[in-house]
Structure formats: C-alpha cells, structure tokens
Amino acid sequence: MFPWFDIRSINLINFLFANLIVTVVVLGGLLATIEKHLPTAIRQTFRYGKHALKGSPDRLVSLLEVPKAWFKHFYVFAALWSVAGFAVMMETYLTGQPARDYVIAFLDTMATNKRMVRTTPTETMVAMTLITLQCLRRFYETWFVQVFSSKLKINLSAYLVGYIHYFGTIVAILAQAEGFTRAGPVSLPTNGYRFEPSVRLALCVGVFCYAWYHQYLSNVILANLRKDKAGKVVSQKHSLPTGDYFDAVSSPHMFFEIVMYVVLFCVLHRNSTMVYVLLWVLSNQLMNSWLTHQWYVENFPNYPKQRKALVPFVL
C-alpha cells in the first residue's frame, strides 16, 4: 500500500495541495473543452500573462488583479523560507540532536503530531539543498534577469498560490524527515545521524542540476527577447523564442520545472506529501504550457510544427 493513502496523511498541507490540484484540473478541463460557454469571470481568473482573456473583462474580477511583475514578491519569500528550512535542517543534523521543540510543534500543526519518519537524513539533506538552490536561482532570475510587462495582470488568487506552493513544499520536505517528528527513537537525543550516499541519489542530483541549468537558459532566452545586445530593456512585447530546448517545445522552463519536482519525488519517494506536491506541479504546468502553446500557434502563423507544448517529441 502506498504511504500517501495512509489515514495519517490527512493534514493541512495535503489538504492545501489537494485543493490546488482539484481546482486546476477541474477549471483547466472546463477551459480546454467548453471555454466558450464559461462565464467571463472564470475565464479571466484562470487566464493571465500572454494568454490573458481577450474582450470585455469582468469588473469584479478586474478589481482582484495585480501586476504580473508581483511574481517577484513570492520568490523573495521562497528564498528566505527555503534558506530558513535549510538552516534548521543543518542545525539538526550537524548537532546530532532532534529539531528544536518550536520547529516540531510547527510541523505538528501543519502535518499533525502523528507524522512518521519516512525519509533519511541523506534524502532530506539532498532535497532541501536542491529546493533551496532552485528558490535562490528563481529569486535572482525574477529580480535581475526576467523582464515583466508593465501592462500584464494576474489574478490575486494566482499570486497567492505562489506563496502556498513554496511554503507547503518546504514544510512537506521536513515534516516526515528523521529528527523532525515526535514518533520513534529519533525524538530522543542521539549521537548523530547516518549519512548514506547512493547511486540513486547521485543520479537524482545530476538530473536535477541538468534541469536546473536548462530552465535558467530558457528564462535567459525569454528575457533577451526584450533586451538589446548591451542588456538594456528595449521592448515588452512577446516574441518567438528560439534556441536550446525552445526548438523542441513551447515551454521548456515549464518542462524542466516538472523534471525537477519529479526528481524531488524520487529522492523523497516515501514521503506521503510529496505525491501531492508533484501532482500539483504536473497539473499546473501542463495547463499553463497548453495555454502558452495555443497562444504561440494563434499568434505566429509560421510557428514551427515540430514544437510540442511541453514534453519534447511527445506532448
């Protein structure tokens, strides 16, 4: 029986991710099948950025929209939150003692005090290091590389989802880690934790780093479409990106986002919350990439036919 079906997996963090999954699957499915018949409010809420709703907007929904550039805000949060989680993890494992009481009490609130240890210190350290590197890089990109249009808006709900995602992911990684629960011998003082590298973890790190680097290249390519050779922003229009994995898919940055979370799931495969995190990322990136691909096809008559929406040569 898979661990995420355990009754103990019912908690606040899983509930949040489950709601995000259901929302994007249901609304995304409706958008893909019967969009013409949907109320303007729903269509406008779900669509943003380059594939924003065309036509007369809903006045109430418009009041709940914020600049798309505000994406930068939750990467400040993500960077700080991931570094805090990394620091707590390092303190726990370097001292050889369980996490501080307030940390365990917080995790109890988010994921219940019935949490079981499902991941080793090595797995936890690898996962926390990788997600921290991702958050720090995204912080750098959104503030110093990417160019956001001053005209584009996003719904407030989409803006808040960014905070929920990174908050929940960091909590999920630590909630079932050795040294962070009250169950079992790990809640008692120890002489240290065992670190056991493996070929599986080494492969995971390698794949993550490959995806991490190519997602960065994808975002640089997109940013350079709005800059001159000197790096000065000269345009805010959407152009056709080429180079690297853009020659194979419309949204390589979304594809590599999925790859990185697949890797995190492989590292923490016994963690019952990571399946919710992975399904959320899959559903969200799949729908966004489909909308983006649709927009490219509609706006560029000679759009390369070999380009897929998300997965090279497949989807």
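Residues numbered from 1 in each chain as written. Predicted model: local features only at pLDDT ≥ 70, side-chain atom pairs only at ≥ 80, totals over all residues. Heavy atoms only, no water.

Identification of the protein chain as Polyprenal reductase from Anopheles gambiae is taken from an unreviewed UniProt entry. Quoted verbatim from the Sequence similarities (unreviewed entry) heading of the UniProt record, the comment on the protein chain is "Belongs to the steroid 5-alpha reductase family. Polyprenal reductase subfamily." In its Catalytic activity (unreviewed entry) section, the UniProt entry covering the protein chain states "a di-trans,poly-cis-dolichal + NADP(+) = a di-trans,poly-cis-polyprenal + NADPH + H(+)". (UniProt positions renumbered as here; feature names shortened; annotations may be inferred.)

Asks: Would you explain the pattern of salt bridges in this entry?
Replies: Should their charged atoms come close, side chains of opposite charge can pair. Applying the stated criterion to the full structure yields 8 salt bridges. Ionic pairing is found between Arg182 and Asp108, a salt bridge with its closest N-O pair at 2.5 Å. A residue pair is termed long-range when its members are at least 10 positions apart, and Arg182 in the loop between α7 (156–175) and α8 (199–224) and Asp108 in helix α5 (residues 101–111) qualify at 74 residues. Across the pair Glu123 and Arg270 runs a salt bridge whose closest N-O atoms are separated by 2.8 Å. Separated by 147 residues along the polypeptide, Glu123 in helix α6 (residues 121–144) and Arg270 in the loop between α9 (252–267) and α10 (274–299) bring together distant segments of the chain. Judged by its relative accessible area of 34%, Arg270 is partly exposed. (Salt bridge = Lys/Arg side-chain N within 4 Å of Asp/Glu carboxyl O. Helix = DSSP H or I, 4+ residues; strand = E, 2+ residues; numbered from the N terminus. Buried < 20%, exposed > 50% of the residue type's maximum accessible area, 1.4 Å probe, protein only.)

Asks: How do you make sense of the nonpolar core when you look at a structure like this?
Replies: Soluble globular proteins tend to bury their nonpolar side chains together. In this structure, Ile131, Phe180, Tyr261, Leu264, Val267 and Met274 are the most contacted members of the largest nonpolar core, which totals 66 residues. For this core, the elements supplying multiple residues, two or more each, are α1 (12–34), α4 (71–95), α5, α6, α7, α8, α9 and α10. Ranked by residues supplied to this core, first place goes to α9 with 11 residues. With near-sequence residues (within four places) excluded, Tyr261 lies in contact with Ile131, His165, Tyr166, Thr169, Val277, Leu278 and Val281. (Core = buried A, V, L, I, M, F, W, Y, C linked by side-chain atoms within 4.5 Å. Contact = heavy atoms within 4.5 Å.)

Asks: Can you walk me through the UniProt feature "transmembrane region" (unreviewed entry) in the protein chain in this structure?
Replies: The UniProt record marks residues 12–34, 74–94 and 156–177 with the feature "transmembrane region" (unreviewed entry), using the residue numbering of this structure. The span residues 156–177 is 91% helical and 0% strand by assignment, and the distance between its end C-alpha atoms comes to 33 Å.

Asks: Would you take a moment to explain the side chain of Asn155 for this structure?
Replies: In this structure, Asn155 sits in strand β2 (residues 153–155). Residue Asn155 is classed as buried on the basis of its relative accessible area of 6%.

Asks: What should I look at first to understand the packing of α1 against α10 in this one?
Replies: When two helices pack together, their arrangement is given by the angle between the helix axes and by the axis-to-axis distance. At a closest axis distance of 9 Å, the pairing of α1 and α10 adopts a crossing angle of 25°. Comparing their axes, α10 and α1 come out roughly parallel. Crossing hand, α1 versus α10: left-handed. Contact residues: α1 offers Asn14, Phe17, Ala18, Leu20, Ile21, Val24, Val25, Gly28, Gly29, Leu31 and Ala32, while α10 offers Tyr276, Val277, Leu279, Trp280, Ser283, Asn284, Met287, Trp290 and Leu291. Looking at the contact of α1 with α10, its residues break down into 15 nonpolar, 5 polar and no charged. (Axes fitted to C-alpha atoms, helices over the stretch in contact; angles between N-to-C directions. Parallel < 35°, antiparallel > 145°, perpendicular 65-115°, else oblique. Left-handed = near helix turned anticlockwise from the far one by under 90°. Nonpolar A, V, L, I, M, F, W, Y, C, P; charged D, E, K, R; others polar.)

Asks: What is the right way to read unusual backbone geometry from this model?
Replies: Note: most residues except glycine have negative phi, and most peptide bonds are trans. The phi dihedral of Thr112 falls on the positive side, at around 70°, and the residue is not glycine. Structurally, Thr112 can be placed in the loop between α5 and α6. Taking relative accessible area as the criterion, Thr112 reaches 25% and is therefore assigned partly exposed. Positioned with a positive phi, Phe313 is a non-glycine residue whose angle comes to about 65°. With respect to the helices and strands, Phe313 occurs in the segment after α10. Classification of Phe313 as exposed rests on a relative accessible area of 74%.

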